[in-house]
Amino acid sequence: MTQRLRIFLPAAAFLLFIIPAAIFFVKPGRMLFKERLFSELLISVNNMDRVINTFIEGKKGRVLDFCSDGIIKDGLTNYDPDAVDTDELVKQINHHLTKNKFVIDLYLESIMVLNLKGKVVFSTNEKFLGKDNSKKDYFLYLSPYLKGKGLRTQNLNLLVYVSDVFFAQDSKAPYFCVSAIVTARATGLPLGAVVNCYKANVLSKFVKMGEGYLGGSGKIYLLNKEGFLLTAPKYFSQQGKEVILKEKIEALPVIVAQTGLPAGRQAGPQILGLYKDFRGVSVLGVAMLMDNENNWLAVAEKDAGPVIITGLIIFLILITVSASIINLQKRIRKKSQEAEEAKNQLYQSGKMAAVGQLSGTIAHEINNPLTGVLNNIQLLKMMLADGKGFNPEDIKPILDTAEESAARCANISRSLLDFSHIADGKFNPFQLNEAVEKVITIIGNEMKQHNIFIEKRLDPASPRVRGEIQLLEQVIFDLINNAKYAIQKNPKAKVGMITIKTDFNPGEKKAYLYISDNGIGIPKENMEKLFTPFFTTKPVGEGTGLGLSIIHSIIRRHNASISVESELGLGTTFKITLPSCQEEANGRK
Amino acid sequence: MVENKVLKVLVVDDEKVIRDFLSRFISLQSAQVMTVEDGQQAIEAVRKEKFDLAFLDIRMPGMNGWHVFNELNKISPGLFCVFMTGYATEEALFERMKNLGIVCFKKPFDNLNQIKEILSNIMGKSQLCLETEEEIQEKRIYPRLDIVLDVDYRIKEAEEPFKPAKTKNISLRGIKLLVKDNLVSGTTLELIIKSPTHKSSCNTTGNVLWIKRAKENEGYYDAGIKFTEINFSELSAVIYE
């Protein structure tokens, strides 16, 4: 009962979990749920990277376009702060910027034109005019080139810089700027720089577009080097509050640790795994170090809730499965133990079956000499009772027969006992001929009843082998029985003939046992399967197909080998090669 | 003259111990004994001499006891056969066939007096038989069992369906059939003797010994069939189902 429970409970638990798990797994396809989530995140973050890069590239192109604007170039060339008509020029250019340039780009916040010293000379926003922006990163990046460095090698017309997001001094709104160099028409020498300023929340728009793909609990946000938010992520608690550049993400250490930022590993997506986001909610995250000057980091996250449930289910399944496996292993170990025992029992039962099958013959074998003992004694008693008086010469042959018969009985019973004796696994030296003789004592008469004659061609040297005599006797017994069956199936064999030959090769220390018959023979196609368990050509109920496989395993146990030669219709010879221990035997003698 | 008659016994066994013992024992009962080793020798012996009683071992190399019994019967119908066996499985069959007059001894012999009894019984019968040769034919050495059984028959090797018939009595040697056909004496028949419930059957062949009009059933004939081949274990199953 407990045994059953032990099997049933894990099985029930297993079923209980496997069904929802199966539903869970089948729905999103074959890929594991978690893997699927990560790939979703990777795709999203990649998409967003592409979208933002395209946007930025567009802006870069725009600022280069502005730089090639002749009016701006002329303006910068002609600008002289000390000139009388400076204000007029600035007004003109500002007007040009606002009227012709500013309107082109809807996202543009303002345009600034800086001179070589970083001072704002023209702008769409009059407040910026005259400001010194020489310390701003978008100027600092360009300033070496503006000062004439790398003039020959760098194509200044293509040099563009995208700044990090920052707060303008007088504005609460965060910006980022794209700057490029304005060169002189004739000489190509730098004149100044155009700086296009964009409000940072533009980025949020693109991020939101990318989030759509991730579904309800997915979010994407951008961080700058320092870990400040560049976009407002979903779920960020401060409602309506500007978070850009004001909020640092606490989860960043994890992200930094995982991506290796800011040490500056290679750009590209990285799976961050499972961690707690700014809300303290477990998420699966993927980060992507964007390929731009400021090492922006795009993070895509998705709530791990369903994943945890799935994980839990997987965990439970694993526990159940491993429990079942442990249980199974125990049972397998037990079974293999049992199998080992069963194997030994099989040897024994195979033998006992043979003995059982023989019991009729054995009874006959014993009953005949018993008649010689019992009935002859009765006869003597009757003769005595008659009182007629008989001469001792009549009595002697009767007593001789009785004695001889009794000796025969003893011999048979001893052989039978030896034969049915349980093999104890101990290897002892014995004479091969002795084993053959014992088996013939038991089986000989049975064979005679079936018109089968056993010819013994035993090597007088009687090779000694080491092993379990009981097991080898069984092998001989079974092979003789098989031979009998083969002979009975052979219509050509009028008289059955089984030849048992022993041989000895002292050089190779090998003893040979041949058992040949003139039976029906074995078809070639069956030769290979001969020693396979349960292979039998006998009709159902007549053979288990275990005989030869048992023989094979006994032979293996003795480091011996067995081979077969057979010709259809003519007969079969089994040859067993055993390692001999002749010397040992001689030494003892 | 009658008193001088000596019972002649044939012992057929492949085992010397048995032959020697029976030879000694039967000699002590003032009967003549001849021992042979196998069926072939037995047949030859019976052809040469007339025996009254034969001890047959069932399991012998070559021809088995049943086979020998059939052959001996053909040569000498008056020979009473006693079977011997050392096999436990065969005793059960003999137990069931007792009613058909089969006598079987287990080896070793439990009671030598039983053998003595048989000997004296046969002695009595053979003395009776001595009087006329005809009476030997009439005298049944095996009893008849009066049971009604269904039997299907057809002439051997004739491509015709089996015809139904009834038997009124059956013995170890033959059967009396009630048939519609007027069969010719000497015809060999194939017979299927069925048990009362038709659960088991026994396939045999037999020769028509005699045929005459049935007294009680008009249009029917009584036919005496002698078995030529019969499987005794099947027959015992049919009778004692």
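Residues numbered from 1 in each chain as written. Chains lettered and ligands numbered in written order. Predicted model: local features only at pLDDT ≥ 70, side-chain atom pairs only at ≥ 80, totals over all residues. Heavy atoms only, no water.

Side note on the overall build of chain A
Secondary structure assignment for chain A yields 15 helices and 17 strands. A total of 589 residues make up chain A; the buried ones form 47% of that total. Partitioning the contacts of chain A with sequence separation of at least 6, the portion at a separation of at least 24 is 64%. Put simply, chain A shows about 30,300 Å² of open surface, and 57% of that area lies on carbon and sulfur atoms. (Helix = DSSP H or I, 4+ residues; strand = E, 2+ residues; numbered from the N terminus. Buried < 20%, exposed > 50% of the residue type's maximum accessible area, 1.4 Å probe, protein only. Contact = heavy atoms within 4.5 Å. Areas by Shrake-Rupley, 256 points an atom, 1.4 Å probe, with all protein chains shown as cover.)

Let's talk about the environment of A486 of chain A
Residues and elements named next belong to chain A. Along the polypeptide, A486 turns up in helix 12 (residues 469-489). You can call A486 buried: its relative accessible area is 13%. On a C-alpha basis, the gap between A486 and N518 in space is 7.8 Å, while along the polypeptide they are 32 residues apart. Dropping the residues within four chain positions of it, A486 is found in contact with D517, G519 and I520.

Let's talk about the interface of chain A and chain B
Counting residues at the interface gives 25 residues for chain A, matched by 22 residues for chain B. Of the roughly 2,100 Å² buried between chain A and chain B on both sides combined, carbon and sulfur atoms contribute 58%. Linking chain A to chain B there are 1 salt bridge. Here E15 of chain B and R408 of chain A are joined by a salt bridge, their closest N and O atoms 2.7 Å apart. Taken together, the links from chain A to chain B amount to 5 residue pairs in polar contact (both at pLDDT 80 or more). Listing elements by their share of the side of chain A that touches chain B, those giving two or more residues are helix 9 (305-386), helix 10 (392-420) and helix 11 (432-449) of chain A. Considering each element in turn, the side of chain A that touches chain B owes the most residues, 16 residues, to helix 9 of chain A. Of the residues that constitute the side of chain A that touches chain B, the class distribution is 8 nonpolar, 14 polar and 3 charged. (Buried area = accessible area lost by both parts, 1.4 Å probe. Salt bridge = Lys/Arg side-chain N within 4 Å of Asp/Glu carboxyl O. Polar contact = N/O pair within 3.5 Å; in protein donor to acceptor, adjacent residues only side chain to side chain. Nonpolar A, V, L, I, M, F, W, Y, C, P; charged D, E, K, R; others polar.)

What about the sheet that holds strand 12 (residues 452-457) of chain A?
Residue and element names in this part refer to chain A. Spatially, the 5 strands line up as an open sheet ordered 12-14-15-17-16, and their pairing is mixed. A single partner strand is all that each edge strand has here, and the edge strands are strand 12 and strand 16 (561-567). Mean inter-strand twist for the sheet, computed between neighbouring axes without regard to direction, equals 15 degrees. The sheet contact formed by strand 14 (residues 496-505) and strand 15 (residues 510-517) spans 8 bridges and is antiparallel. Looking at the pairing, N505 lines up with K510 of strand 15. (Pairing = 2+ DSSP bridges. Axes fitted to C-alpha atoms, helices over the stretch in contact; angles between N-to-C directions.)

Some thoughts on the confidence of the model for chain B
Residues and elements named next belong to chain B. Looking at chain B as a whole, its pLDDT mean stands at 82, while 90% of the residues score no less than 70. Residue range residues 129-138 is modelled with pLDDT below 50. Its contacts to residues more than four positions away, or to other chains, number 4 contacts. Here the prediction assigns the complex a pTM of 0.48, and the interface score ipTM is 0.72. (pLDDT = per-residue confidence, 0-100.)

Section: the packing of aromatic side chains
Under the counting rule described, the total for this entry stands at 15 aromatic pairs over all chains. Seen from their ring centres, F105 of chain B and F109 of chain B are 6.1 Å apart, and the 80 degrees between their planes marks the pair as edge-to-face. Geometry around Y514 of chain A places K501 of chain A over its ring, the cationic atom sitting 4.8 Å from the centre. Between the NZ or CZ atom of K212 of chain B and the centre of the ring of W210 of chain B, over which it lies, the distance is 4.9 Å. (Phe/Tyr/Trp six-rings, centres within 6.5 Å; stacked < 30°, edge-to-face > 60°. Lys NZ or Arg CZ within 6 Å of the ring centre and 35° of its normal.)

Let's talk about the packing of helix 3 (residues 70-78) of chain A against helix 4 (residues 86-102) of chain A
Each pair of packed helices can be summarised by the angle the axes make with each other and by the distance between the axes. Residue and element names in this part refer to chain A. Their axes nearest at 10 Å, the elements helix 3 and helix 4 cross at an angle of 160 degrees. The angle between helix 3 and helix 4 falls in the class roughly antiparallel. Considering the relative orientation of helix 3 and helix 4, their crossing is left-handed. Touching I71, I72, G75 and N78 of helix 3 are L89, I93, H96 and L97, all from helix 4. Along the lines of polarity and charge, the residues of the contact of helix 3 with helix 4 split into 5 nonpolar, 3 polar and no charged. (Parallel < 35°, antiparallel > 145°, perpendicular 65-115°, else oblique. Left-handed = near helix turned anticlockwise from the far one by under 90°.)

Remarks on the pairing of strand 1 (residues 8-12) of chain B
All names here are of chain B. For strand 1, a buried count of 5 out of 5 residues is recorded, marking the element as mostly surrounded by other parts of the structure. Going residue by residue along strand 1, you find K8, L10 and V12 tucked away on one face and V9 and V11 tucked away on the opposite face as well. Two elements, strand 1 and strand 2 (residues 32-36), share 5 bridges in a ladder whose sense is parallel. Note on strand 2: the bridge partner recorded for K8 is Q32. Between strand 1 and its parallel partner strand 2, the chain crosses via helix 1 (residues 16-28), and the hand of that crossover is right-handed. (Right-handed = clockwise from strand over helix to strand, strands pointing away.)

With respect to the sheet that holds strand 3 (residues 53-57) of chain B
Residue and element names in this part refer to chain B. Spatial ordering of the open sheet is given by 2-1-3-4-5, a layout of 5 strands whose pairing is parallel. Strands with a single pairing partner mark the edges of an open sheet, and in this sheet they are strand 2 and strand 5 (103-106). Strand-to-strand twist across the sheet, computed as the mean angle between neighbouring axes with direction ignored, equals 20 degrees. Note that strand 1 and strand 3 share 4 bridges and pair parallel. When the bridges of strand 3 are listed, L10 appears paired with A54. Of the strands in this sheet, strand 1, strand 2, strand 3 and strand 4 (80-85) touch helix 1, which is tilted by about 170 degrees from strand 2. Helix-sheet contacts for helix 2 (residues 39-48) involve strand 1 and strand 2, and the interaxial angle to strand 1 is about 160 degrees.

Section: the packing of helix 12 of chain A against helix 14 (residues 547-557) of chain A
All names here are of chain A. Relative to each other, helix 12 and helix 14 sit at 145 degrees, their axes nearing to 10 Å. As helix 12 packs across helix 14, the resulting crossing turns out to be left-handed. On helix 14, the residues touching L471, Q474, V475, D478, L479 and N482 of helix 12 are L548, I550, I551, I554, I555 and R557. Among the residues making up the contact of helix 12 with helix 14, the classes are represented as 8 nonpolar, 2 polar and 2 charged.

Regarding the nonpolar core
Formed by 78 residues in total, the largest nonpolar core has its most connected members in L22, F55 and I193 of chain B. For I193 of chain B, the contacting residues outside a window of four places in its chain are L149, D150, V151, I170, I175, S200, S201, C202, T204, F227, L235 and V238 of chain B. Of all hydrophobic cores here, the second largest spans 68 residues; its members include I111, Y198, F236 and I244 of chain A. (Core = buried A, V, L, I, M, F, W, Y, C linked by side-chain atoms within 4.5 Å.)

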